[in-house]
Amino acid sequence: MSTLTRDRILERFSSELPHRLVVTPILSKKQLGEASIDVRLSNQFIVFRMHTFGVFQPFNSAHAKLKVMQERQIVKFGKEFVLHPGILALGCTFEYICLPSDVECQVEGRSSWARLGLQIATATSVEPGFKGVLTLELSNLGTIPIELYPGVRIAQLFFHDAKPEITDAYGGTRKYRCPVGPQFSLIANDKDGKVFSRQANTND
Amino acid sequence: MPSIDAPPWSEDNWRESILRYQLRVKGETIERLAEKFEYAGDFPTDTPVSLARLIKHTAHVLVDHLPTTPPDQLMHVNLLLCSIAEHLRFVDRSRVANTPWSMIQYTEEFLERQTGASNEFIIRPQWAYNYSLIGEFVEVIRTKIEPLDWIPTATWKSSLCGLGDQKIYCLSFPRIERLNCLLHANWGHEIGHIFAKQWIDNNFAQMWSSEETQIKNRIEREIQQEIQRNPPPVDPLFAKFVVQEMAADQVNDAMQVAKDGLTELICDAIGIHLLGPAALAAACEFSAPLPIDESPLKCDMYPPWRYRIRLMAEMCGDDLQEQTVQLGDVETKYPGPVIEPFWNWLKETKLLAQNTADKEALNSDIRTREAYRLIEDKWEAIRAQALQALPRESAECYRLFKRVRVIENLVRRLEQDTPPNEIGTWPDNSPASLENILNAAWVFKIAKIRQDPDWVSTDNFEKLCRLVLKATEVAFVHSTYGEQLKNLEE
C-alpha cells in the first residue's frame, strides 16, 4: 500500500470519473502537505445529554433513544465551541470527501492540537468509495477546557492506493451514506453484536 | 374607616389601579422573555436577536413611562404590549432546529445584497402551507409609539442602540417543506414584496387616477345595460343612484384587483429576475395542487396562477430558446444534454400558457376585466420601473443560457453525490452562487424525474436536499473566508 504524495493527490483531483478524488472545498494552499491534506472543523457537533439517560445498551436501544441521549448543536462560524476536559463530542470535517474505488484514507489528528490534549479521531480508516463529511470523535484529554472554532484546521487525511480496485465500493449495505454532518452511532444495526450482548440474551 | 378626604370609589380609578400594576408585570415579563431569546444562542444568524432586542427595549420604554401614561391610554398600552409580545413568536420559531439553517446565512446575505444592508430577514417556518413576508417590524412599532405623546419618539429610538435605523422582516416558509431548499426559490418572490410596495406606494395612485374616469364610465355603461335587462326592484327615479352606487363599489373592487394583482406580478418578476428558471420551477410546483384559473375575486385578489406562470415564462423567454452561446472563445450549444430535460420541462409552461381559461375567468367580470386590461396595457413599463429599484449589480436578469458550463459543472457534482458548492478544481476553484446552486439543483431533479418518474423517493429527495443545503453553507463560508485566507498566504 503506497501513500499518495502531493503530486499524485493533485493528479487525482482532476482525474476522470470514477477515479477522481474529491475534497471540497479547499480554502487555502496551507491545507496541502507533502503527502496529506489538512481538513477543517465544521460547525455541527453532537453532544451528550447525560442528564437524560442512564446506561446505554448499544444493542438494545432504539435509534430514537440514542437521539434522546445526544443532541445536535450548531455553532456559527466565528463563534467558539468549548470542549471541557473528559468530554466527548462528535464533530465533522467541513470538507466533503469522495474517495474513488481504489483509494483508502486515514484520518489523523494534528499534533498541534494533540499537544493541547485534544484527541481528534478514533475511527481513523475510511474505506474506498466513501462519500460525505467525516465524523470526528473529539475528546479533551487535557485538564483545561479548549475553545474550538468552526473552520480551523483540525485533522489530516492521508490517502493510500487500495489494490486491486474494489467493484461497487462503499455500496450496498453501508451504514453511513453521503452524510453532511456528524452522524449518530448506528451501532444498534450491528446484528452480530446482539448475539454477544447480555441484554439481548436476557430478553430472549 | 375611609378617610373623609379619600376620593369616592369610581370604576375608572379601580380599573386604573389594576392596569398600572398589571402592565408593569406584563411589560417586564416581555422584557425577560425577549432577553431569554437574546442569549439563547441557537439561531442561525443574529437577526432574530435583533428583533428580540427591539421588542425588549420597546417594552422597557413603555414600562418606564407607565407613571406618566394618561389613565385613558392604559388600555392602549396594554394592546401595544400584547401586540409586540406576539412578534416574539417569529424569534422563537427561527431557531436552528426549525429552519434549513445551513442555507440561512447565504440566503440572508443574498437578500440583504438585493434590498440594502439595512434590511435584515428572519427566516422561520409557519404551519400554514404558504410563503410570506411580514414586517417591517421597526416601522410597525414606530408607528405605534409615535402617537404616544408622553413618550418622545427620540427616547424610544435612542433606547434601541442603533436598531432604529434597521429594517427587520420575517420571511416564512411552509414548515413541512423545511428541508426542501429547491422550493425555497420562492423566496425571490417574497422579497419582491419590498420592491412591489415601493412601486405601488410611489406610482399606483397616479396611474389609477389617470384611468379611473374611463374605467368608471365603462363600468357604469355595463351596469346600465344590465339594469335594462334586469331592472332592479326600485322606483325608476332611483335607478340612476343605484347605478352610481354599484359603479362606485365596482370601481373600488377593480382598483383593489389591479393593486393586489400588480403587487403579486411585480414580486414574480423580481423572483425570476434574481433566480431565473429556478423561481419559475418553484412557482410551478407550488401552484400545481391549486386551481390555476380562479378569478381574483374568489381568491383574495391574487392573479390566476396560469396568468402568473405565463408572465414568468415570458420573462424566462431567452432561456427557453435553443441557441448557440459564445462563452469566452468557445461556442456552446444551449441547452445541451445536461440542461435539456429541465429545458423541455420549462418549455411546457408555454403550453400551459396557451390555454386561456384564466383570461376567460378575468373577462367574465367587468371588475377583473378592467383591472387586467390596465395591467396588460402598462405591464412592460411597470416591470421595467420596478426592476430598476434593484441594486446595480443585479441589473441583469439571471439567464441560464449564459451559465451553461457552470450549471453543467454543478449538476455533474450532484450526479456524483457531491455538493454543488464550487466551480472548478483546486486551485482554480471558486464558490458557487446561491442562484447557480438552486438552478443546478432543479436541473438535476427534473432530469432524474424525466429518466425515472419513481426517482422522487424520500431517500433520493432527502439526499438531494442535503447536498444542496451543504453546498449553500460551504459556498457561503468559502466566499466569506476564502479571500481572507488567500490574502494571508500572499
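Quick notes on the rules
- Residues numbered from 1 in each chain as written.
- Chains lettered and ligands numbered in written order.
- Predicted model: local features only at pLDDT ≥ 70, side-chain atom pairs only at ≥ 80, totals over all residues.
- Heavy atoms only, no water.
- Helix = DSSP H or I, 4+ residues; strand = E, 2+ residues; numbered from the N terminus.
- Buried < 20%, exposed > 50% of the residue type's maximum accessible area, 1.4 Å probe, protein only.
- Contact = heavy atoms within 4.5 Å.
- Areas by Shrake-Rupley, 256 points an atom, 1.4 Å probe, with all protein chains shown as cover.
- Salt bridge = Lys/Arg side-chain N within 4 Å of Asp/Glu carboxyl O.
- Polar contact = N/O pair within 3.5 Å; in protein donor to acceptor, adjacent residues only side chain to side chain.
- Pairing = 2+ DSSP bridges.
- Axes fitted to C-alpha atoms, helices over the stretch in contact; angles between N-to-C directions.
- Lys, Arg positive; Asp, Glu negative; His and termini not counted.
- Parallel < 35°, antiparallel > 145°, perpendicular 65-115°, else oblique.
- Left-handed = near helix turned anticlockwise from the far one by under 90°.

Participant: Lay out the overall build of chain A with the relevant residues and their values.
Facilitator: Of regular secondary structure, chain A possesses five helices and 14 strands. The buried share of chain A, taken over its 204 residues, is 49%. Here the analysis covers contacts within chain A between residues at least 6 apart in sequence; of these, 79% occur between residues at least 24 apart. Here chain A has roughly 10000 Å² of accessible surface; of this, 53% comes from carbon and sulfur atoms.

Participant: Break down the interface of chain A and chain B for me, citing the residues and quoting the values.
Facilitator: You'll often see interface size given as the accessible area lost when the parts meet. If you look at the interface, chain A gives 30 residues, while chain B gives 27 residues. For the pair chain A and chain B, the number of links is one salt bridge. The shortest N-O distance in the salt bridge between Asp46(B) and Lys76(A) comes to 3.5 Å. Joining chain A to chain B, the criterion identifies nine residue pairs in polar contact (both at pLDDT 80 or more).

Participant: Give a detailed account of the sheet that holds strand E2 (residues 37-40) of chain A, specifying residues and quantitative values.
Facilitator: Backbone-to-backbone hydrogen bonds pair the strands of a sheet. The strands run either parallel or antiparallel. Residue and element names in this part refer to chain A. Read across the open sheet, the four strands follow the order E2-E14-E8-E10; overall the sheet is antiparallel. Strands at the two margins of the open sheet, each flanked by one partner only, are E2 and strand E10 (125-126). Contacting E2, strand E8 (103-109) and strand E14 (153-161), helix H1 (residues 6-13) runs over the sheet at an angle of about 85° to E14.

Participant: So what about the pattern of salt bridges? Which residues, and what values?
Facilitator: Two side chains bearing opposite charge may form a pair once their charged atoms approach each other closely. All names here are of chain B. Applying the stated rule across the entire model yields 39 salt bridges over all chains. A salt bridge links Lys-197 to Asp-201; the nearest nitrogen and oxygen atoms lie 2.7 Å apart. Linking Lys-197 with Asp-201, this pair stays in helix H8 (residues 187-229), spanning four residues, or about one helical turn. Of the residues examined, Lys-197 reaches a relative accessible area of 52% and is grouped as exposed. Across the pair Glu-348 and Arg-450 runs a salt bridge, and its minimum N-O distance is 3.0 Å. Within this pair, whereas Glu-348 is found in helix H12 (residues 336-354), its partner Arg-450 is found in helix H16 (residues 434-451), the two being separated by 102 residues in sequence. The class for Glu-348 is partly exposed, based on a relative accessible area of 36%. Residue Arg-450 is classed as partly exposed on the basis of its relative accessible area, which comes to 39%. Residues participating in the shared-partner salt-bridge network are Glu-35, Glu-38, Arg-53 and Lys-56.

Participant: Explain the pairing of strand E4 (residues 323-327) of chain B to me, using residue names and the numbers behind them.
Facilitator: All names here are of chain B. Pairing analysis gives five bridges linking E4 to strand E5 (residues 330-334), with the strands arranged antiparallel. Each residue of the ladder has a partner; that of Gln-323, found in E5, is Tyr-334. In textbook terms, the turn of a hairpin is the stretch between consecutive antiparallel strands, and for E4 and E5 this stretch comprises two residues, one of which, Gly-328, has a positive phi near 65°.

Participant: Describe the sheet that holds strand E3 (residues 167-174) of chain B, and please don't skip the residues or the numbers.
Facilitator: Residue and element names in this part refer to chain B. Spatially, the three strands line up as an open sheet ordered E1-E3-E2, and their pairing is mixed. Both edges of this open sheet fall to strand E1 (119-126) and strand E2 (132-135), since each of them pairs with a single strand only. Here the average twist between neighbouring strands, direction ignored, is 25°. Here E2 pairs with E3 via four bridges, running antiparallel. Residue pairing for E3: Ile-134 is matched across the bridge by Cys-170. In the packing of helix H2 (residues 47-64) onto the sheet, contacts are made with E1 and E3, and the angle to E1 comes to roughly 100°. Against the sheet, H8 makes contact with E1, E2 and E3, and its axis sits at roughly 150° relative to E3, the strand it touches most.

Participant: I'd like a description of the side chain of Asn140(A), backed by residues and values.
Facilitator: Residue and element names in this part refer to chain A. For Asn-140, the location among the structural elements is in strand E12 (residues 135-140). A polar atom in the side chain of Asn-140 sits 2.9 Å from the backbone nitrogen of Gly-142. Residues contacting Asn-140, with those up to four places away along its chain left out, are Leu-83, His-84, Pro-85, Gly-86, Ile-87, Leu-116, Gly-117, Pro-145 and Ile-146.

Participant: Kindly report on the side chain of Glu95(A), identifying the contributing residues and their values.
Facilitator: All names here are of chain A. Relative to the helices and strands, Glu-95 resides in the loop between strand E6 (88-92) and strand E7 (96-98). With no salt bridge to any partner, buried Glu-95 finds its closest opposite charge in Arg-40, at an N-O distance of 4.3 Å. A polar atom in the side chain of Glu-95 sits 2.9 Å from the side chain of Gln-31. Of note is the side chain of Glu-95, whose polar atom sits 2.8 Å from the backbone nitrogen of Arg-40. For Glu-95, the contacting residues outside a window of four places in its chain are Val-23, Thr-24, Pro-25, Gln-31, Asp-38, Val-39, Arg-40, Gly-132 and Val-133.

Participant: Describe the packing of H8(B) against helix H9 (residues 236-275) of chain B, listing the residues and the values that go with them.
Facilitator: For any two helices packed against each other, one specifies the crossing angle of their axes together with the interaxial distance. All names here are of chain B. Contact geometry of H8 with H9 gives a least axis separation of 6 Å together with a crossing angle of 150°. Between H8 and H9, the angle falls in the class roughly antiparallel. Of the two possible hands of crossing, H8 and H9 adopt the one that is right-handed.

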